[in-house]
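# A structural walkthrough
Now for the letters of each chain:
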Amino acid sequence: MAETHVLFVEDDDVIREATQLALERDGFAVTAMPDGISGLAAFRADRPDIALLDVMVPGLDGVSLCRRIRDESTVPVIMLSARADSIDVVLGLEAGADDYVTKPFDGAVLVARIRAVLRRFGHASGGQQGGAEAESKPVGGVLVFDDLEIDTEGMEVRRGGVPVALTPTEMRLLLEFSSAPGTVLSRDKLLERVWDYGWGGDTRVVDVHVQRLRTKIGQDRIDTVRGFGYKLKP
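Description of the structure in this document. (Residues numbered from 1 in each chain as written. Predicted model: local features only at pLDDT ≥ 70, side-chain atom pairs only at ≥ 80, totals over all residues. Heavy atoms only, no water.)

## Regarding the overall build of the protein chain
Within the protein chain, the regular secondary structure consists of nine helices and 11 strands. Expressed as a percentage of the 234 residues in the protein chain, the buried residues total 47%. Nonlocal contacts in the protein chain, meaning residues at least 24 apart in sequence, comprise 60% of its contacts between residues at least 6 apart. Carbon and sulfur atoms form 52% of the exposed surface of the protein chain, whose accessible area is close to 10,600 Å². (Helix = DSSP H or I, 4+ residues; strand = E, 2+ residues; numbered from the N terminus. Buried < 20%, exposed > 50% of the residue type's maximum accessible area, 1.4 Å probe, protein only. Contact = heavy atoms within 4.5 Å. Areas by Shrake-Rupley, 256 points an atom, 1.4 Å probe, with all protein chains shown as cover.)

## Describing the pairing of strand E8 (residues 156–159)
In terms of strand pairing, strand E7 (residues 148–151) meets E8 through four bridges, oriented antiparallel. In the sheet register, Ile150 faces E8, and the bridge partner there is Val157. Hairpin geometry of E7 and E8 is characterised by an intervening segment of four residues between the two adjacent antiparallel strands and by a positive phi of about 55° at Met155. Two elements, E8 and strand E9 (residues 162–164), share three bridges in a ladder whose sense is antiparallel. (Pairing = 2+ DSSP bridges.)

## Some details on the packing of helix H2 (residues 36–46) against helix H3 (residues 62–72)
Look at H2 against H3: their axes get within 10 Å of each other, and the N-to-C directions meet at 20°. On the basis of their axis angle, the class for H2 and H3 is roughly parallel. Considering only the axes of H2 and H3, their crossing is right-handed. Contacts between H2 and H3 involve Gly36, Gly39, Leu40, Phe43 and Arg44 from the former and Leu65, Arg68, Ile69 and Glu72 from the latter. When grouped by side-chain class, the residues that make up the contact of H2 with H3 number four nonpolar, two polar and three charged. (Axes fitted to C-alpha atoms, helices over the stretch in contact; angles between N-to-C directions. Parallel < 35°, antiparallel > 145°, perpendicular 65-115°, else oblique. Left-handed = near helix turned anticlockwise from the far one by under 90°. Nonpolar A, V, L, I, M, F, W, Y, C, P; charged D, E, K, R; others polar.)

## Quick word on the environment of Arg44
Tracing the backbone shows Arg44 in helix H2. Relative accessible area serves as the criterion here: at 41%, Arg44 is assigned to the partly exposed category. Along the primary structure Arg44 and Ile69 are separated by 25 residues, whereas in three dimensions their C-alpha atoms are 8.7 Å apart. What Arg44 contacts, discounting residues up to four positions off in sequence, is Arg68 and Glu72.

## Re the sheet that holds strand E5 (residues 99–102)
As summarised here, the arrangement of the five strands in space is E2-E1-E3-E4-E5, forming an open sheet in which the pairing is parallel. The sheet terminates laterally at strand E2 (29–33) and E5, the two strands that pair on one side only. Averaged over all pairs of adjacent strands, the angle between their axes in this sheet comes to 20°, without regard to strand direction. Two strands pair when backbone bridges link them, and strand E4 (residues 77–81) and E5 are joined in this way by four bridges, in the parallel orientation. Looking at E5, one finds that Leu80 is bridged to Val101.

## Some details on the pattern of salt bridges
Counted according to the given criterion, the structure contains 20 salt bridges. Of the charged contacts, one joins Lys103 and Glu10 as a salt bridge, the two residues approaching to 2.9 Å between their closest N and O atoms. Of this pair, Lys103 sits in the loop between E5 and helix H5 (107–122) while Glu10 is found in the loop between strand E1 (5–9) and helix H1 (13–25), placing the two residues 93 residues apart along the sequence. Glu10 matches Lys103 in its accessibility class, with the two residues each being buried. Among the ionic pairs, Asp54 bridges to Lys103, the shortest N-O distance being 3.1 Å. You can see Asp54 sitting in strand E3 (residues 50–54) and its partner Lys103 sitting in the loop between E5 and H5, a full 49 residues away along the chain. Taking the relative accessible area as the measure of exposure, Asp54 reaches 5% and is therefore buried. (Salt bridge = Lys/Arg side-chain N within 4 Å of Asp/Glu carboxyl O.)

Nothing here speaks to function; it is geometry throughout.
Quick look at the structure:
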């Protein structure tokens, strides 16, 4: 089996070298770059399996780099931020990142988060937990909600007949909602099912992804149930 290729963009020499060595010890192939410009060039040349982007890098900051990558690819992106309460976290998620890790981080935690992201990307076309999704599928695997069509077998979404481009994380989120339309799903439950968190996580990840999904499938398609979570209108 080929090694998973990680693009790591970090301007701190010590962190970059130590993290690269730790990832390589865990079996990853790593391309490490010190700034956003070289990181974008490496991304385009190497087409990695996942990108780890520090928010504060010179040349092209991590948020801008994430946007550039997202314009070209649905490859998973994890942002690295020095402060958990920083606006950088939300900006990174809004730019298209799938998750974030707060610095300083434990190497084992980073590896676990990378593998969690890769697992859900690898299973974006199936692998939903529980049986509700299978029970809700009509013949052919296409779910229809007014002008929204979700092909659960072909992993395609159309709105008014026009294809909608979703990242794998957004697709998994939509599959969770469509497997139980009208049912309120809590943020913690979505973190567990979509982000593969076996522990408490930052619910801002869910909130930003729901908002991103709304902009693509319709702002009024997903309801907020204050104090409980979200639900897809049946």
